[in-house]
Amino acid sequence: MSPALPPVIRSSFLLGIIALLGTALLAAVNALTHERIIEQEKHRVLQQLNEIVPTTSFNNDLLADKIEIRDETFFRHPAAVTVYRARMDGQAVAVMMIVNTPDGYNGNIRLLAGINAAGTVLGVRVVSHRETPGLGDPIEIEKSDWIRRFTNKSLHDPGPNGWAVKKDGGQFDQFTGATISPRAVVKAVHNTLLYFEANQQLLFNKPTQSPKQNE
Amino acid sequence: MSNSNLKQILADGAWRQNTGLVVLLGLCPLLAVTNTLINGLALGLATMLTLMVSNLSVSVMRKLLKPEIRIPAFVLIIASVVTVIELLMHAFFYDLFRVLGIFIPLIVTNCAIIGRAEAFASRNNPLASVVDGFATGLGFCITLVALGALRELTGHGTLLSGAAMLVGDWGQYLTLTLIPGHPGFLLAILPPGAFFCLALLIAARNALEANKAPLPKQPVTTPT
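J.: Tell me about the overall build of chain B, residues and numbers included.
T.: A tally of helices and strands in chain B yields 11 helices and 2 strands. Helices (α) and strands (β) of chain B occur, in sequence order from the N terminus, as α-α-α-α-α-α-α-α-β-α-β-α-α. Taking 17 Å as the expected radius of gyration for a compact globule of 224 residues, we find that chain B reaches 18 Å, a close match to that expectation. With the C-alpha coordinates aligned to their principal axes, the bounding extent of chain B is approximately 60 × 50 × 30 Å. Burial status across chain B gives 44% buried among its 224 residues.

Shown next as structure tokens:
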């Protein structure tokens, strides 16, 4: 760099070079890790899905057979519900729905609920939540097996009154010191079942939005 | 650069001028992620790596960096380094990335890093700067680990839970349940517990220093 250049130009030039180097570095690292990051994300979703619906029970590309629905009356939440559909030789086996509920103690709880074609719960998992650690977080499978209680339940078992925590006269336990978190989860699963019953045809038959590559 | 000089830098960064316990910089991530030992260790290592790379880059370019563009240049360098680390973590330590989430990009705002770039790396040779980055990072990491261990032990009665996120599946056997059947001590896990535990650590460090022969240049914070 020639020392004859005025300092302002020289400094700006230097800053520009640093920015350029930084950008080049980031672009390179991004190119190197991009594939792997997408793989990891996919792997994670698939892992969660497979915990609920065993890989042997379907043979379609679960992650590709995906739709999004919105129904604020059922889910009481404006966010789109992602639905993955498991099929065996084209026959509907189950849906995996990622639903949000605003009723958590500390805002949103995101759930993954699997329902088979007969309307029976295959399993429920909490995807993310902000409940109080130690009080509300036994809804996580890592903390307690409470969430497993939904497995094999349906709209007929228990009946409409059973879909509540024990404190509200229902079938499901609350935790010591925390009623709101389990109540929110019970309600969300119940709503999801109700939606499934009312919209089963749509859930299985709605075509995937193919132009959008899913991640 | 003599050996004793490098030792001096190490001792300063890791203990005498410990970022977390003495200088009290970078408290936001320090307090927020230390609910378990592993979380603390992971953020500590990421911060240490950032410090070493950013110190090295700043030191290499120190002759070129005129005072008027010094700060933006530091920020550019640090932000690039942190983003690279974030991408790498996202790709290779996905579970850990999900736990630490927002705190990885927030390393950029850890004033300890720009502080070392300004106070040390811009005035010293690359070797000394890397050592300084290592030492400061080590000090920060030790504080994070100690705080994480203290909170995890009092809060859950375990140590090293979630080690699998860092080292792979065999890590789950590392988890030590030191207090079996611990009912859980909520306060230690929640943010207020982080302040209490940090205060205890600072007090412990001060007590240790007070018991040693008094050193003249010691910047011990006296309790008021």
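J.: Summarise the overall build of chain A; cite the residues concerned and give the values.
T.: When you go through chain A residue by residue, the secondary structure sums to 3 helices and 5 strands. The order of α-helices and β-strands along chain A, N terminus first, is α-β-α-β-β-β-β-α. Here the C-alpha radius of gyration of chain A, 23 Å, is well above what a compact globule of 215 residues would show, namely 17 Å. Along the first, second and third principal axes, the C-alpha atoms of chain A reach 85 × 45 × 30 Å. Burial analysis of chain A (215 residues in total) assigns 31% to the buried set. Counting contacts in chain A only where the partners sit at least 6 residues apart, residues at least 24 apart contribute 50% of the total.

J.: Quick one: what's the story with the sheet that holds strand β3 (residues 91-104) of chain A, residue by residue and with numbers?
T.: All names here are of chain A. Spatially, β1-β2-β3-β4-β5 is the arrangement adopted by the 5 strands of the open sheet, whose pairing is antiparallel. The open sheet has two edge strands with one neighbour each: β1 (66-69) and β5 (121-128). Sheet twist, expressed as the mean angle between neighbouring strand axes with direction ignored, is 25 degrees. As defined by bridge partners, β1 adjoins strand β2 (residues 81-88) across 4 bridges and the pair is classed as antiparallel. Residue pairing for β2: Lys66 is matched across the bridge by Tyr84. Across the sheet, helix α1 (residues 7-52) touches β2, β3, β4 (107-116) and β5, and the angle it forms with β5 is around 150 degrees. Packing against the sheet, helix α3 (residues 180-205) makes contact with β2, β3, β4 and β5, and its axis sits at approximately 140 degrees to β3.

J.: Talk me through α3 of chain A; I want residue IDs and the actual numbers.
T.: With 26 residues, α3 of chain A ought to run about 38 Å at 1.5 Å a step, and its terminal C-alpha atoms sit 35 Å apart, in line with that. If you look at α3 of chain A, its biggest bend is around 85 degrees, right at Asn199 of chain A.

J.: Outline the domain arrangement of chain A, supporting the account with residue identities and numerical values.
T.: All names here are of chain A. What the domain assignment lists for chain A is domain 1 (1-52) and domain 2 (57-205). One C-alpha centre belongs to domain 1, the other to domain 2; they are set 38 Å apart. The interface of domain 1 with domain 2 comprises 7 residues on the first partner and 9 residues on the second. For the side of domain 1 that touches domain 2, the residue count by class is 4 nonpolar, 1 polar and 2 charged.

J.: How would you explain the interface of chain B and chain A if you had to name every residue and give the values?
T.: Listed as interface residues are 20 residues of chain B and, on the opposing side, 19 residues of chain A. Only α5 (67-92) and α10 (186-189) of chain B provide two or more residues apiece to the side of chain B that touches chain A. Sort the elements by how many residues they give to the side of chain B that touches chain A and α5 of chain B lands first, with 13 residues.

J.: So, unusual backbone geometry: which residues are in play, and what are the values?
T.: All names here are of chain A. The peptide bond linking Asp157 to Pro158 adopts the cis configuration, its omega dihedral lying at -5 degrees. In the Ramachandran plot, Arg76 falls in the positive-phi region, its phi being about 50 degrees despite a non-glycine side chain. In this structure, Asp89 is a non-glycine residue whose phi angle is positive, near 50 degrees.

J.: Quick rundown of the pairing of β3 of chain A? Include the residues and the values.
T.: All names here are of chain A. Counting buried positions along β3 yields 10 of 14 residues, so the element is predominantly enclosed. Both β2 and β3 contribute to a ladder of 7 bridges, which runs antiparallel. Following the sheet pairing, Arg85 is matched in β3 by Val95. Count of turn residues in the β2/β3 antiparallel hairpin: 2 residues, of which Asp89 carries a positive phi of about 50 degrees. Here β3 pairs with β4 via 9 bridges, running antiparallel.

J.: So what about the packing of helix α4 (residues 37-60) of chain B against α5 of chain B? Which residues, and what values?
T.: Residue and element names in this part refer to chain B. Relative to each other, α4 and α5 sit at 140 degrees, their axes nearing to 9 Å. Considering the angle they form, α4 stands oblique to α5. The way α4 lies across α5 gives a crossing that is right-handed. In this structure, α4 contributes Ala46, Leu49, Thr50, Val53, Ser54, Ser57 and Val58 to the contact, and α5 contributes Phe74, Ile77, Ile78, Val81, Val82 and Ile85. Class assignment for the residues of the contact of α4 with α5 results in 10 nonpolar, 3 polar and no charged.

J.: Quick rundown of the packing of α4 of chain B against helix α7 (residues 111-121) of chain B? Include the residues and the values.
T.: Residue and element names in this part refer to chain B. Packing of α4 against α7 leaves a shortest axis separation of 10 Å and a crossing angle of 35 degrees. Here α4 and α7 pass one another in a crossing that is right-handed. In this structure, α4 contributes Thr50, Leu51, Ser54, Asn55, Val58 and Ser59 to the contact, and α7 contributes Ile113, Arg116, Ala117, Phe120 and Ala121. Classifying every residue of the contact of α4 with α7 gives 6 nonpolar, 4 polar and 1 charged.

What counts, and where the lines are drawn
Residues numbered from 1 in each chain as written. Chains lettered and ligands numbered in written order. Predicted model: local features only at pLDDT ≥ 70, side-chain atom pairs only at ≥ 80, totals over all residues. Helix = DSSP H or I, 4+ residues; strand = E, 2+ residues; numbered from the N terminus. Rg over C-alpha atoms; globule rule 2.2 N^0.38 Å. Buried ≥ 20, exposed ≤ 12 C-beta atoms within 10 Å, placed from the backbone. Contact = placed C-beta atoms within 7 Å. Pairing = 2+ DSSP bridges. Axes fitted to C-alpha atoms, helices over the stretch in contact; angles between N-to-C directions. Expected span 1.5 Å × (residues − 1). Bend = angle between axes of the 7 residues up to and from the residue. Domains from an automatic or database assignment. Nonpolar A, V, L, I, M, F, W, Y, C, P; charged D, E, K, R; others polar. Parallel < 35°, antiparallel > 145°, perpendicular 65-115°, else oblique. Left-handed = near helix turned anticlockwise from the far one by under 90°.

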